[in-house]
Amino acid sequence: MRLFAPISTLVAALAASSCGVYDFVDDGGRDASICPGPNCPPDANPSDASISVDPPFFPCRTDDRQVALIPLDILLLLDESGSMLADSKWQAVKSAAEGFVTAPTSNGLRVGLQYFPGRYPAYCTLAEYEAPAVPISLLPESSFNLQSSLASQNVSGSNGSPTVPAVTGSLNYLRSYVSDAGADHKGILVFATDGLPDYSCTSGMDGGALPNNVANIVKVAEEAYNGAPSIQTFVIGVGANLGFLNEVAAAGGSGSALLVDVGANTSSDSFVRALDGIRRSALGCDFAPPRNYDPAVVNINRAFFTFTENQKEIVFPEVPSEMDCSADGGFGWYFTNPNQTADGGSNVIRLCKGSCDYFIGGATGTARVRYACSTQ
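Note that the structure is a prediction, hence the values are computed from the model and not measured.

## Focus on the overall build of the chain
Part 1 of the argument: A count of helices and strands for the chain gives nine helices and 13 strands.
Part 2 of the argument: Across the 376 residues that make up the chain, the buried fraction comes to 50%.
Part 3 of the argument: Across the chain, contacts joining residues at least 24 apart in sequence account for 72% of those joining residues at least 6 apart.
Part 4 of the argument: Total accessible area computed for the chain in this model is approximately 16400 Å², and 51% of it derives from carbon and sulfur atoms.

This is how it looks when you write it as C-alpha cells:
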C-alpha cells in the first residue's frame, strides 16, 4: 500500500519548505545545492533537469541501501498478569495498542495479538501460545477484530507469568506465518511486560517449553533472530526497574528494551511512542554508521543523505536534533549522538518523521549516505 505521493510531490514539498529543494544539472564539477541558505554548497547551480547531486565535501565513505516497502508482520504479545493492575498499567497498554492499530500510519501493516498468561491448565504449554488470540492480518481491514479483542481482555489474577512458553509459542507462530507469507516479509514480536518470569512453568516438562527464567527468554529470542526466517524481538518494559529486559532485546536483534514508566504517568502516550518507534526501526528509518572504518580517514560526524527514485536524486537536509524537525515531522535527518568520538557505533542517522513515513509508505529506490574525510 502506498501512503504518500510520488517523488515529484516530495520534491515540491521540500521546495516549499524554509530551505527549498531544486532539481539540477552538474555543470562541470560544481557542487549542487539543496537550498539557497547557509548549509548549501558555495557554487550551487539549480536547474530544471537534474538527476544527481554532490555533497559539499569530498566523500571518503559511501554507504548505499536499497529502500523498498517490506511487508511487516507484527505480533503483539501483551502481559495481562495480576501485577498489571497496579498503576493502571494494563489500561495504559490496552489503550496504546488500540491507538496503534487504528492509527492511519499503521495502515498496510499486518498485526496480530496474543496475551499471557493463557488458560488453565494449558498456560505452560507452547500450543497455548502458538494459536494467537487474533491472527496476523492486514490493517486497516483487521482493525475491528483487534479492537474487539483488546476490549474483551481483563487482567488475570492467576496462572502467574509464564513468559518463556508465551514468548516461545509466539515466536513459533511468527516463524510459521512469515515462512508461509514469503521471503519478502519481515516478522517481529513486540513483547510488553511489567516483570520477571515467576515460579510458574519451571519444570521444563510443560508442553515442550524450557524452564521459565530470564536466561531461557534470552535463548529463545536469540535463536529466533538467528534462525530462518529471522524474527526480531522488540521489548517494552511497562514499569520501573526492568533493565534485565535489555538482554532479551539485544538477543532478539532490537538493541535495547524500551522502558515505559506508566506509574509516573498513566496516560498511554509513552507506550504509543514506543510502538511507533518500533515500527520505524523495523522498517529501516535508522541508518547505522559504517563498521570497520578507519577514523583517520572517515569522519562519521559529517554526512550527506540523499534518496534516488526514478533516476532523480534528492537531498534530505540535516537538522541538529529531533526537536528541529518541522512541526509535522518534516523531511530531513539528524544524528542521534552528534560528535561521537569513539567507534561511532551509537551515532545513528535517524530520519525525521516525514522522511521516515515516506520511506515506509512505499518509496522505492536507493538511500545513499556519504561521509566526509576525517580532515573535513
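## Some thoughts on the packing of aromatic side chains
Part 1 of the argument: Counting across every chain of the model gives six aromatic pairs.
Part 2 of the argument: Here the aromatic rings of Trp333 and Phe335 are separated by 5.1 Å at their centres, their planes lie at 90°, and the arrangement is edge-to-face. Accessibility assignment for this pair places Trp333 and Phe335 in one class, buried.

## A short note on the pairing of strand β6 (residues 231–238)
Within a regular strand, the side chains alternate between the two sheet faces.
Part 1 of the argument: With respect to burial, β6 is a largely interior element, eight of its eight residues being buried.
Part 2 of the argument: Covered by surrounding structure in β6 are Ile231, Thr233, Val235 and Gly237 together with Gln232, Phe234, Ile236 and Val238, the residues of both alternating faces.
Part 3 of the argument: Where strand β5 (residues 186–193) lies against β6, seven bridges are found, and the strand directions are parallel. Across the sheet, Leu189 pairs through a bridge with Thr233, a residue of β6.

## Observations regarding the sheet that holds strand β11 (residues 333–335)
Part 1 of the argument: One open sheet holds the three strands; their spatial order is β8-β12-β11, and the pairing between them is antiparallel. Looking at which strands have only one partner, the edges of the open sheet turn out to be β8 (286–287) and β11.

## As for the environment of Cys356
Part 1 of the argument: Within the secondary structure, Cys356 is located in helix α9 (residues 353–360).
Part 2 of the argument: For Cys356, a relative accessible area of 0% corresponds to the buried category.
Part 3 of the argument: For the pair Cys356 and Trp333, spaced 23 residues apart in sequence, the C-alpha separation works out to 9.2 Å.

## A short note on helix α5 (residues 163–181)
Part 1 of the argument: In this model α5 runs 27 Å from its N-terminal to its C-terminal C-alpha over 19 residues, within 8% of the 27 Å that 1.5 Å per residue would give.
Part 2 of the argument: Those residues of α5 that sit buried are Thr163, Val164, Pro165, Ala166, Val167, Thr168, Gly169, Ser170, Leu171, Tyr173, Leu174 and Val178.
Part 3 of the argument: A positive backbone phi angle near 125° is found at Gly182, which sits one or two residues after α5.

Rules used in this analysis
- Residues numbered from 1 in each chain as written.
- Predicted model: local features only at pLDDT ≥ 70, side-chain atom pairs only at ≥ 80, totals over all residues.
- Heavy atoms only, no water.
- Helix = DSSP H or I, 4+ residues; strand = E, 2+ residues; numbered from the N terminus.
- Buried < 20%, exposed > 50% of the residue type's maximum accessible area, 1.4 Å probe, protein only.
- Contact = heavy atoms within 4.5 Å.
- Areas by Shrake-Rupley, 256 points an atom, 1.4 Å probe, with all protein chains shown as cover.
- Phe/Tyr/Trp six-rings, centres within 6.5 Å; stacked < 30°, edge-to-face > 60°.
- Pairing = 2+ DSSP bridges.
- Expected span 1.5 Å × (residues − 1).

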